[in-house]
Amino acid sequence: MTYRTCAVSVLLAWGVAALPLAAAQAQYPDHPIRIVLPYAPGAAGDVAMRQIQPLLEKRLGQPLIVDYKTGAGGNIGALEVARAKPDGYTLVLGATNNFVINQFLYRKLGFDPLADLEPVGKLADVPAFIYVNAQVPAKDYAQFAQYAREHAGKMNYGSPGMGTTPHLSGYRLSQAMGAGMTHIAYRGSSPGVQALLANEIQMYIGGYSIAAAYMPQGKVRALAVAAPERYAGLPDVPTAAQAGMPDVVQGNWWGFAAPKGTPADRVARFADVLREVLALPEVRQAFLSSGFVPGQDTPAAFAATWRKEAPQWQAVVRESGVILDN
């Protein structure tokens, strides 16, 4: 056998051997993908996920298994994914807290989201509405701010938990108004909204779907929405900027992440399908009715969001003085 013939044989053999690997990479996913959701069923991310799950599965050609791993502000589920095999078959669907807040909030998180997770793509933004009980004599933000100052230390605001975006946003808004409002943490948004309806708290910051249904009944008012533009579902509610509100309230968002080291082509595959589904008119309409704004991020753009927001939330947590144990 000549050198040339030998070389050709080696190259052919290498090519044949590489075919299974190439085929395996090309057919990702070839078995079900587990989506760890670190909150109880019914959370905003869960609702949004269920709305698009069949569409994702159809395009990916494999089932998506939602696995609820609750506890410690979402840290238990997120940590499990951070330690999972980086093969694209285990993802976490988390909220803002899980990626850019909790590492500054908890004494012993056990991992660094910015270092141990790979951003895949945003599922949805959840614009934050500033709701007040209808018994508060304020028709707009200016009147509410004046009333809050006049009753400094006598009003309450609620949140679905310590260190959540509604808690920290409420803290910042109370500080900006000079209101000295007392924070009351509830176990989720539903009991918080019930407390708002009962006037146990006078302000609650949350998404469209949690309290908008009570507005026609005259039980709550929405003073503003923390978003670049008015929300189509409540077009009469001004943006925070239009209402003259300080830029201190931030909405929540939900997104997917993979363990660090997950192959880039697999991250890109899932991200591409996600953006394709979120761009469908029927999905956009379904999200609108639930108070969501569909994400359209690439992995790189989503990673940039993490890098931008993390130091902002770090400063807020430091200012608030809130430190939690797992």
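Residues numbered from 1 in each chain as written. Predicted model: local features only at pLDDT ≥ 70, side-chain atom pairs only at ≥ 80, totals over all residues. Heavy atoms only, no water.

In this section: the overall build of the protein. Along the backbone of the protein there are 14 helices and 11 strands. Its C-alpha atoms put the protein at 95 × 40 × 30 Å along the principal axes. Per-residue burial over the protein gives 49% buried out of 326 residues. Pairs at least 24 apart in sequence give 79% of the contacts found in the protein among residues at least 6 apart. Only carbon and sulfur atoms are counted for the fraction: they give 55% of the accessible area of the protein, which is about 14700 Å². When the 27 basic and 24 acidic side-chain charges of the protein are each reduced to a single mean position, those positions are 2 Å apart. (Helix = DSSP H or I, 4+ residues; strand = E, 2+ residues; numbered from the N terminus. Buried < 20%, exposed > 50% of the residue type's maximum accessible area, 1.4 Å probe, protein only. Contact = heavy atoms within 4.5 Å. Areas by Shrake-Rupley, 256 points an atom, 1.4 Å probe, with all protein chains shown as cover. Lys, Arg positive; Asp, Glu negative; His and termini not counted. Charge placed at Lys NZ, Arg CZ, Asp CG, Glu CD.)

Moving on, we come to the packing of aromatic side chains. In the structure shown here, the tally under the stated rule is 13 aromatic pairs. Ring geometry for Trp-253 versus Phe-302: centroids 5.4 Å apart, planes at 70°, classification edge-to-face. Taken together, the residues span a long stretch of sequence, with Trp-253 in strand β10 (residues 252–259) and Phe-302 in helix α14 (residues 299–320) at a distance of 49 residues. For the pair Trp-253 and Phe-302, one class covers both residues: buried. Through successive ring pairs, a cluster of aromatic residues spans Phe-99, Trp-253, Phe-302 and Trp-306. (Phe/Tyr/Trp six-rings, centres within 6.5 Å; stacked < 30°, edge-to-face > 60°.)

On to the sheet that holds strand β3 (residues 90–95), then. Strand-to-strand pairing in sheets goes through backbone hydrogen bonds, with the strands running parallel or antiparallel. Read from one edge to the other, the open sheet built from 6 strands follows the order β2-β1-β3-β10-β4-β11, with strand pairing classed as mixed. Pairing within the sheet leaves two strands with one partner each, and these edge strands are β2 (64–68) and β11 (293–294). One ladder, built from 2 bridges, connects strand β4 (residues 117–126) with β11; its direction is antiparallel. Note on β11: the bridge partner recorded for Ala-124 is Pro-294. (Pairing = 2+ DSSP bridges.)

Let's shift gears to the domain arrangement of the protein. Reports of interface size often rely on the accessible area that becomes lost once the parts have come together. Structurally, the protein comprises domain 1 (33–126 + 252–320) and domain 2 (128–243). Centre-to-centre, using C-alpha coordinates, domain 1 lies 26 Å away from domain 2. Opposite the 18 residues of domain 1 that make contact, domain 2 presents 15 residues. With both chains or domains summed, domain 1 and domain 2 bury close to 1200 Å², and 65% of this area falls on carbon and sulfur atoms. Applying the counting rule to domain 1 against domain 2 returns 0 salt bridges. (Domains from an automatic or database assignment. Buried area = accessible area lost by both parts, 1.4 Å probe. Salt bridge = Lys/Arg side-chain N within 4 Å of Asp/Glu carboxyl O.)

Going from Tyr-28 to Pro-29, the amide bond is cis rather than trans, its omega being -5°. A positive phi angle, near 55°, is found at Ala-72, a position not held by glycine. Among the residues examined, Ala-72 registers a relative accessible area of 27% and is labelled partly exposed. The backbone of Asn-199 sits at a positive phi, close to 65°, despite the residue not being glycine. By the secondary structure assignment, Asn-199 is in the loop between α9 (189–197) and β8 (203–206). Accessibility expressed as a relative area gives 24% for Asn-199, which makes it partly exposed.

The subject of this paragraph is empty space enclosed by the protein. The final tally for this structure, using the stated rule, is 1 cavity of 30 Å³ or more. In this structure, the largest cavity occupies an estimated 30 Å³ of space. What lines the largest cavity is Tyr-28, Gly-88, Leu-91, Val-120, Ala-258, Thr-262, Arg-266, Val-267 and Phe-270. Considering every element that reaches the lining of the largest cavity, the biggest residue donor is helix α12 (residues 264–278), with 3 residues. By residue class, the composition of the lining of the largest cavity is 6 nonpolar, 2 polar and 1 charged. (1 Å grid on protein atoms, 1.4 Å probe; cavity = no way out; pocket = protein on both sides within 12 Å on 5 of 7 lines; lining within 4 Å. Points joined across faces, edges and corners; volume = space filled by probe spheres on them. Nonpolar A, V, L, I, M, F, W, Y, C, P; charged D, E, K, R; others polar.)

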